[in-house]
Amino acid sequence: QVQLVESGGGLVQPGGSLRLSCAASGSIFSIYAMGWYRQAPGKQRELVAAITSGGSTVYADSVKGRFTISRGNSKTTVDLQMNSLKPEDTAVYYCNADYRYTSGSKYDYWGQGTQVTVSS
């Protein structure tokens, strides 16, 4: 079992910045990767950025150059620095943990979500 607790959402003007943080607890040793997804009203949940335990990262094309994902030294936290925010970044952002069992199967754990609103 893995528990994820997010923080850092809020309201920001276009062009502004926000930093989201997610802390994992529980059976963290089998977490392969952590990341952030978002879901806007009427749209499917989509990957924003992810980082593996080895440090490899992946970003959605829409956020490349604006968002940066990072993990803490203990690898139990993951942050998303969001710069140059646009109204289209408005969504509920969810922290994700990609958990791998010894059998090779995987399971996705999710945080409760945090609202990010970009508006003037």
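One can find the structure itself at the top, above this paragraph.
In short, a report on the structure. Computed from a predicted structure; not experimentally measured. (Residues numbered from 1 in each chain as written. Predicted model: local features only at pLDDT ≥ 70, side-chain atom pairs only at ≥ 80, totals over all residues. Heavy atoms only, no water.)

Moving on: the state of the cysteines. Within this structure, the stated rule accounts for one disulfide. Two residues, Cys 22 and Cys 95, share a disulfide whose sulfurs are 2.1 Å apart. On the sign convention where negative means left-handed, the S-S torsion of about -85° between Cys 22 and Cys 95 marks this disulfide as left-handed. You can see Cys 22 sitting in strand E3 (residues 18-26) and its partner Cys 95 sitting in strand E9 (residues 91-100), a full 73 residues away along the chain. Accessibility assignment for this pair places Cys 22 and Cys 95 in one class, buried. (Disulfide = S-S within 2.5 Å. Helix = DSSP H or I, 4+ residues; strand = E, 2+ residues; numbered from the N terminus. Buried < 20%, exposed > 50% of the residue type's maximum accessible area, 1.4 Å probe, protein only.)

Turning our eyes to something else, we now look at the packing of aromatic side chains. Each pair of aromatic rings is reported with the distance of its centres and the angle of its planes. Taken as a whole and judged by the stated rule, the model has four aromatic pairs. Note on Tyr 37 and Trp 110: the rings are 5.0 Å apart at their centroids and 75° apart in plane angle, and the pair reads as edge-to-face. On the criterion of sequence distance, the pair formed by Tyr 37 in strand E4 (residues 31-39) and Trp 110 in strand E10 (residues 106-110) is long-range, its members being 73 residues apart. A relative accessible area of 35% places Trp 110 in the partly exposed class. Here Tyr 99 and Tyr 101 contribute two aromatic rings whose centre-to-centre distance is 5.0 Å and whose plane-to-plane angle is 70°, an arrangement assigned as edge-to-face. Taken together, the aromatic side chains of Tyr 99, Tyr 101, Tyr 107 and Tyr 109 make up a single cluster linked through ring pairs. Note that Arg 45 overlies the ring of Trp 110, its terminal NZ or CZ placed 4.6 Å from the centroid. Directly above the ring of Tyr 32 sits Arg 100, whose terminal nitrogen or CZ lies 4.4 Å from the centroid. (Phe/Tyr/Trp six-rings, centres within 6.5 Å; stacked < 30°, edge-to-face > 60°. Lys NZ or Arg CZ within 6 Å of the ring centre and 35° of its normal.)

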